[in-house]
Amino acid sequence: MKRLGCGIIALIGIIFFFFSTPAECQNWLKLADGLLLGEFTPSRKSPISDHPVTVLRIDPARYSFRLLSALEHGGKERTARGWCEEFGLLAAINASMYMVDLRSTGYMRNYQSTNNPAFNRAFGAFMVFNPKDPSMPPVRMVDSRREKEWRSILDQYDSVIQNYRMISGGREVKWPEQDKPHSTAAIGMDNDGHVLFILSRAPYTPHDFIDILLALPIRIKDAMYLEGGDEASLSVLQQGKWLEWSGIGELGIFSVQGAPRLPNVIGIVDR
């Protein structure tokens, strides 16, 4: 009887292993192979709204990344969805903060077009993609404060974006605590090499949002800030319909002007 009982327990364990859903997978909706959409409720609530954190998880082995800017395409700003529809993207998110002339606030280069040639000393994070050598990783996050050869890494890629560091090597980056709460668009990579498009409508300070991202079950390893406030945007195509998110104001209301128009975006297409 003792042996029989152990056998039953082992069988139950095997069944549970194969048919139960891991806790970290329960929040993900499969849009396509290599493309998952998740909404996560942070343990730390925003005093302004209760919107979840939206994360699009992208497998760079199945999808290619494109950097699009108004300066390369007629000087015309477009909504995130507008960029997608015009250029055949499956999803798009802000590429960076920008100046009045529509140039990125940090270094930005896309093949032979240089949006901003100057490295921003206040920023420490780079996202690089479209490698010149196909044997190189298709996407990398580069921390210029930790990697001495960061310039040579950038030279090996055709698309480069520079922004504020948020998370580096699975650890938080120091951020001033006195910043005002606001919606946030960010981009990151997880421990398995997936790229994460991240949008939080609920306003948090960047200091608090970093802690929130590290606490979510998304296995985040690196992240950089893209945009904040009303202009934070994410659009995703799901079965022929558009899912759209944008930031909200400090009072917890959406912009009355509709979806914001963006000069620079990162998008994905089928590889």
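*Asks:* So what exactly am I meant to see when it comes to the pairing of strand 2 (residues 35-40) here?
*Replies:* With respect to burial, strand 2 is a largely interior element, 5 of its 6 residues being buried. Where strand 1 (residues 28-32) lies against strand 2, 4 bridges are found, and the strand directions are antiparallel. Of the residues in strand 2, the one forming a bridge with Lys30 is Leu36. The loop that links strand 1 with its antiparallel partner strand 2 comprises 2 residues; one of these, Gly34, has a positive phi angle of about 80°. Direction of pairing for strand 2 relative to strand 3 (residues 53-58): antiparallel, over a ladder of 6 bridges. Its bridge partner being in strand 3, Gly38 is matched across the sheet by Val55.

*Asks:* Got a minute to help me understand the packing of aromatic side chains in this structure?
*Replies:* Any pair of aromatic rings gets described here by the distance separating the centres and the angle formed by the planes. The final tally for this structure, using the stated rule, is 12 aromatic pairs. Taken together, a centroid distance of 4.4 Å and an interplanar angle of 65° make the contact between Phe123 and Tyr164 edge-to-face. Of the two residues, Phe123 sits in the loop between strand 7 (113-116) and strand 8 (125-131) while Tyr164 sits in the loop between strand 10 (157-163) and strand 11 (165-168), which places them 41 residues apart along the sequence. Among the residues examined, Phe123 registers a relative accessible area of 4% and is labelled buried.

*Asks:* For this particular structure, what's the right way to read the sheet that holds strand 13 (residues 182-190)?
*Replies:* Strand pairs in the sheet, formed through backbone hydrogen bonds, run parallel or antiparallel to each other. Ordered by their spatial adjacency, 8 strands build an open sheet running 1-2-3-14-13-15-11-12, and the pairing between neighbours is antiparallel. The outermost strands of the open sheet, each flanked by one partner alone, are strand 1 and strand 12 (171-172).

*Asks:* Any chance you could explain the side chain of Asp222 here in plain terms?
*Replies:* Assignment of secondary structure puts Asp222 in strand 15 (residues 220-228). For the buried Asp222, no salt bridge is present, and the opposite-charge side chain at shortest range is Lys221, 4.8 Å distant. Only 2.8 Å separates the side chain of Asp222 from the backbone nitrogen of Gly169, close enough to count as a polar contact. Those residues in contact with Asp222 that lie beyond four places of it in its chain are Met141, Ile167, Ser168, Gly169, Ile187, Gly188 and Met189.

*Asks:* Please clarify how the nonpolar core should be interpreted in this entry.
*Replies:* Most often, soluble globular proteins keep nonpolar side chains buried together rather than apart. Counting residues in hydrophobic clusters, the biggest one holds 33 residues, and the most contacted among them are Leu56, Phe65, Met127, Phe197, Ile266 and Ile268. If you look at the next biggest cluster of nonpolar residues, it comprises 24 residues, including Ile167, Ile198, Leu213 and Ile218.

*Asks:* Before we go on, may I ask you to explain unusual backbone geometry in this structure?
*Replies:* Outside of glycine, negative phi angles account for most residues, and trans bonds account for most peptide bonds. In this model, Leu102 sits at a positive phi of 75°, which is unusual for a non-glycine residue. With respect to the secondary-structure elements, Leu102 resides in the loop between strand 5 (91-94) and strand 6 (108-110). Overall, the relative accessible area of 14% leaves Leu102 in the buried class. A positive phi angle, close to 60°, is found at Asn130, a residue other than glycine. Here Asn130 is to be found in strand 8. Owing to a relative accessible area of 16%, Asn130 belongs among the buried residues under this scheme.

*Asks:* It is not clear to me how the sheet that holds strand 8 should be interpreted in this structure. Could you clarify?
*Replies:* Strand order in the open sheet formed by 5 strands is 7-6-10-8-9, with antiparallel pairing between adjacent strands. Every interior strand has two partners, whereas the edge strands, strand 7 and strand 9 (139-143), have only one. In this sheet, adjacent strand axes meet at a mean angle of 20° when their direction is disregarded. In this sheet, strand 10 lies alongside strand 6 in antiparallel orientation, the contact comprising 3 bridges. Residue Asn110 lies in a different strand from strand 10, and its bridge partner there is Ser159.

*Asks:* In this structure, what is going on with the environment of Phe129? I would like to understand it.
*Replies:* One can find Phe129 in strand 8. By relative accessible area, Phe129 is classed as buried at 0%. The sequence separation of Phe129 and Val139 amounts to 10 residues, and the corresponding C-alpha distance is 4.4 Å. Look past the residues within four positions of Phe129 in its chain and what remains in contact with it is Phe65, Arg66, Leu67, Pro138, Val139, Tyr157, Asp158, Ser159, Ile161 and Ile266.

*Asks:* I keep staring at the environment of Tyr157 and nothing clicks. Help me out?
*Replies:* Positionally, Tyr157 belongs in strand 10. Between the C-alpha atoms of Tyr157 and Met127, which are 30 residues apart in sequence, the distance is 9.8 Å. When sequence neighbours within four positions are dropped, the list of residues in contact with Tyr157 reads Arg109, Val128, Phe129, Asn130, Pro131, Lys132, Met136, Pro137, Pro138 and Arg140.

*Asks:* I would appreciate a short explanation of the pairing of strand 13 in the present structure.
*Replies:* A regular strand carries its side chains on alternate faces of the sheet. For strand 13, the tally of buried residues reaches 9 of 9 residues, placing the bulk of the element in the interior. Here strand 13 runs beside strand 14 (residues 195-204); their pairing, made up of 7 bridges, is antiparallel. Each bridged residue has a counterpart across the sheet, and for Ala185 the counterpart in strand 14 is Leu199. Connecting strand 13 to the next strand, strand 14, in antiparallel fashion are 4 residues, including Gly193 with a positive phi near 85°. Alignment of strand 13 against strand 15, held across 7 bridges, turns out to be antiparallel. If you follow Gly188 over to strand 15, its bridge partner there is Ala223.

Conventions used here
Residues numbered from 1 in each chain as written. Predicted model: local features only at pLDDT ≥ 70, side-chain atom pairs only at ≥ 80, totals over all residues. Heavy atoms only, no water. Buried < 20%, exposed > 50% of the residue type's maximum accessible area, 1.4 Å probe, protein only. Helix = DSSP H or I, 4+ residues; strand = E, 2+ residues; numbered from the N terminus. Pairing = 2+ DSSP bridges. Phe/Tyr/Trp six-rings, centres within 6.5 Å; stacked < 30°, edge-to-face > 60°. Lys, Arg positive; Asp, Glu negative; His and termini not counted. Salt bridge = Lys/Arg side-chain N within 4 Å of Asp/Glu carboxyl O. Polar contact = N/O pair within 3.5 Å; in protein donor to acceptor, adjacent residues only side chain to side chain. Contact = heavy atoms within 4.5 Å. Core = buried A, V, L, I, M, F, W, Y, C linked by side-chain atoms within 4.5 Å. Axes fitted to C-alpha atoms, helices over the stretch in contact; angles between N-to-C directions.

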